[in-house]
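Examination of the molecular architecture
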Amino acid sequence: MKNILVAVTGGIAAYKAIDLTSKLTQSGYNVRVMLTQHAQEFVTPLAFQAISRNAVYTNTFHEENPAEIQHVALGDWADAIVVAPATANIISKLSHGIADDMVTTTLLATETPKFIAPAMNVHMYENPRIQQNMKILEQDGYHFIEPGEGFLACGYVAKGRMAEPMEIQTVIERDVKQLKSAEATETYFKNRKVLITAGPTIEEIDPVRYVSNRASGKMGYALAEALQKQGAFVTLVSGPTHLEVPQNIDFIQVYSADEMFKAVAERFDYQDIVFKTAAVSDYTPVEHLNHKMKKQDGNLVVEFKRTQDILKYLGQHKKHQKLVGFAAETQNVETYAREKLSRKNADVIIANNVGDTTIGFQSDENEVSLYFKDGSTISIDKTSKKQLAYEILSALEGSWQE
């Protein structure tokens, strides 16, 4: 990859696109830039021209070379295109196939890998229509680089800041490399049968009350999506979440620990790899009441019994399968992870410290360490769970192919 096309749209974060262009150019990439009319209210073509040392494109109908159609030729020239910042307006136009300026006509007329770095007010970002439009683009093959949390131009401190230029560059380089690798060679995960458990389980006390945990399912769903894109045949066994099910996978909805155990055990013999990501309840009520428990004077005692240890069961019964367990700890992370690795007969334990409220449960970000049976460790720094999924797969592939 050597040619990158940067599309800048009309948001205050457009100033970051100048830094992005500079960093890409300094890294040896040949960078060309497109600006929408509204982007030019914040930054000038001259700034990008000076940094990239290339002409800047602003007008669909200004054809510099009569031998080619400019917006088609630009898309063919680029190895990757990144929209940074991407406003709600540009996301909505692209998702509906509207081509009314240089940026939209170019993006709609190319099959080059396309990356979107949203930047907007938090309420705008969370608006159901914008979320739906982003999902449409994801289904069409666009790669999203999630915005960060921090101080926004509107005065809010919330999610909506455009990702930093170095993060954008890292994501582009990683994803384009993976796409080219998948086209050129067989990845380790291609055509392998992979089962993933995700989310919490629900252990009912009565029709109203239940015991559960804070697991969101985001890590398991991110792994399912990443594996599907690398050519694996993915089965996702999930407890209750609010997440959208990834495309083109076999999805199994469960609620209790017992339901999850049965769903996994029934399918285990046919799998090549299992990612035991779910936070399964360790205990379930001995008695489940058919009617709502009425309030009484004094304290309440509910007796619990152990649930089936799914990871231990899989470790005892595995044959050819690779078994990856997860450990959410609040202290002595490495000690507990290595003990779990041995006790559960897993091949890898991926551990994180959920005592840090900025990562783990409910968060969009995480940092983990992978503990292998040979005693080696690979640590992955804090990043989005979607990006972390790819880095985990890369680490496993590197270890398992040795």
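Note on numbering: residues in each chain are counted from 1, in written sequence order. Confidence filtering applies because this is a predicted model: local features only for residues at pLDDT of at least 70, side-chain atom pairs given and counted only at 80 or more, and all residues used for totals across whole chains, interfaces and linings. Side-chain calculation: all heavy atoms of the structure are included, whereas hydrogens and water are not.

Salt bridges are defined by distance alone: a side-chain nitrogen of Lys or Arg within 4 Å of a carboxyl oxygen of Asp or Glu. Inspection of the entire model under this criterion finds 20 salt bridges. Among the ionic pairs, glutamate 138 bridges to lysine 386, the shortest N-O distance being 3.1 Å. With glutamate 138 in helix 7 (residues 128-139) and lysine 386 in helix 13 (residues 385-400), the pair connects residues that are 248 residues apart, well separated along the chain. Only protein chains enter the accessibility calculation, which uses a 1.4 Å probe; a residue whose area is less than 20% of its type maximum is buried, one above 50% is exposed, and one in between is partly exposed. Note on glutamate 138: relative accessible area 29%, which makes it partly exposed. Counting from the N terminus, the helices are DSSP H or I runs at least four residues long and the strands are E runs at least two residues long.

A word on the sheet that holds strand 9 (residues 193-198). Between any two strands, at least two bridges found by DSSP are needed for them to pair. Read from one edge of the open sheet, 8 strands run 13-12-9-14-17-18-19-20, paired in mixed fashion. The open sheet terminates on both sides in strands that have one partner only, identified here as strand 13 (250-253) and strand 20 (377-384). Put simply, the sheet's adjacent strands are angled 15° from each other on average, direction ignored. Bridge count between strand 18 (residues 348-353) and strand 19 (residues 365-372): 4 bridges; the pairing is antiparallel. The residue of strand 19 that forms the bridge with alanine 351 is serine 369. Think of each axis as a best-fit line through the C-alpha atoms, taken over the contacting stretch in the case of a helix, with angles from 0 to 180 degrees between the N-to-C directions.

UniProt positions are given in the numbering used here, feature names are shortened, and annotations may be inferred rather than shown by experiment. The residues that UniProt annotates with the feature "binding site: CTP" (unreviewed entry) are Asp282, Lys292, Phe326, Lys340 and Lys344. These annotated residues cover 63 residues of sequence, and their C-alpha atoms sit far apart, with the largest distance between any two at 37.9 Å. Checked against the element boundaries, aspartate 282 lands in the loop between strand 14 (273-276) and strand 15 (283-285). A residue is classified by how much of its surface remains accessible, and aspartate 282, at 46% relative accessible area, is partly exposed. Contacts are residue-level and defined by heavy atoms, with any inter-residue pair within 4.5 Å sufficient. Apart from residues no more than four positions distant in its own chain, aspartate 282 is found in contact with Lys305, Arg306 and Thr307. Along the chain, lysine 340 turns up in helix 12 (residues 333-343). The exposure class of lysine 340 is buried, given its relative accessible area of 17%. With near-sequence residues (within four places) excluded, lysine 340 lies in contact with Leu311, Phe326, Ala327, Asn345 and Ile349. Here phenylalanine 326 takes part through its backbone oxygen, which lies 2.7 Å from a polar atom of the side chain of lysine 340. Contacts described as polar in this section are N or O atom pairs within 3.5 Å, which, within protein, must combine one atom able to donate a hydrogen with one able to accept it, while residues neighboring in sequence count only if both atoms come from side chains.

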